[in-house]
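Coordinate inspection notes
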Amino acid sequence: MPEPAFFLLMAAALCVITGLLHSVLGEQRLIQPLLASDLPIMQNNLARQVTRFAWHWTTALWLLVAATLALSAYSLIDSVHLLVAIGGVHVVMGLADAILTRGQHIGWPLITLIGGLTLFAVYQTQ
């Protein structure tokens, strides 16, 4: 069985992949069409800027989670509680995404897997 660090590094890599896919595909398939729409709210420049900013801010947070997981894999961050929180939130939100979108959103398996790998790494250290 691989060491817990392996699972944390896999989860970190998936965070990077998920974040990059989120930014690129989301920008193409959701943000650009939304900003080009005739919705009244999208006529407001501030709303347009906040929409794009918030979307890509999510990617920045995934990269931050990736860094936290990688640093934890190398014992540079030592917080079981933080790892349980990261893992638990990813599992719950990944499954909620699957249920709410009836499995149609491409992100739910990655999000759920990030959480599962993180929680499994914690389980292995106990």
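Right, let's walk through the structure included here. (Residues numbered from 1 in each chain as written. Predicted model: local features only at pLDDT ≥ 70, side-chain atom pairs only at ≥ 80, totals over all residues. Heavy atoms only, no water.)

1. Quick word on the pattern of salt bridges
Tallied over the full model, the rule gives one salt bridge. For glutamate 27, the salt bridge identified is with arginine 52, shortest N-O distance 2.5 Å. Of the two residues, glutamate 27 sits in helix H1 (residues 4-35) while arginine 52 sits in helix H2 (residues 45-73), which places them 25 residues apart along the sequence. With a relative accessible area of 13%, glutamate 27 lands in the buried category. Accessibility expressed as a relative area gives 32% for arginine 52, which makes it partly exposed. (Salt bridge = Lys/Arg side-chain N within 4 Å of Asp/Glu carboxyl O. Helix = DSSP H or I, 4+ residues; strand = E, 2+ residues; numbered from the N terminus. Buried < 20%, exposed > 50% of the residue type's maximum accessible area, 1.4 Å probe, protein only.)

2. With respect to the side chain of histidine 90
With respect to the helices and strands, histidine 90 occurs in helix H3 (residues 80-100). Accessibility expressed as a relative area gives 10% for histidine 90, which makes it buried.

3. Focus: the packing of H2 against H3
Taken N-terminus to C-terminus, the directions of H2 and H3 make an angle of 135°; their axes are 11 Å apart at the nearest point. With respect to H3, the axis of H2 lies oblique. In this structure, H2 crosses over H3, and the sense of that crossing is left-handed. Mapping the contact onto sequence places Trp62, Val65, Thr68, Leu69 and Ser72 in H2 and Leu82, Leu83, Ile86 and His90 in H3. Tallied by class, residues from the contact of H2 with H3 come to six nonpolar, three polar and no charged. (Axes fitted to C-alpha atoms, helices over the stretch in contact; angles between N-to-C directions. Parallel < 35°, antiparallel > 145°, perpendicular 65-115°, else oblique. Left-handed = near helix turned anticlockwise from the far one by under 90°. Contact = heavy atoms within 4.5 Å. Nonpolar A, V, L, I, M, F, W, Y, C, P; charged D, E, K, R; others polar.)

4. Some words on H2
Since there are 3.6 residues in each turn of an α-helix, residues three or four apart along the chain are aligned in direction. Look at H2: 42 Å from first C-alpha to last across 29 residues, which is about the 42 Å you get at 1.5 Å a residue. Ala47, Thr59, Trp62, Val65, Ala66, Thr68, Leu69, Ser72 and Ala73 are the residues of H2 that are buried. Elements that come into contact with the buried residues of H2 comprise H1, H3 and helix H4 (108-125). Count one or two residues on from H2 and you reach serine 75, which has phi positive near 60°. (Expected span 1.5 Å × (residues − 1).)

5. Points about the nonpolar core
Counting residues in hydrophobic clusters, the biggest one holds 18 residues, and the most contacted among them are Leu8, Cys15, Leu69 and Ile114. Every element with two or more residues in this core is listed here: H1, H2, H3 and H4. If one sorts the elements of this core by residue count, H1 sits on top with six residues. (Core = buried A, V, L, I, M, F, W, Y, C linked by side-chain atoms within 4.5 Å.)

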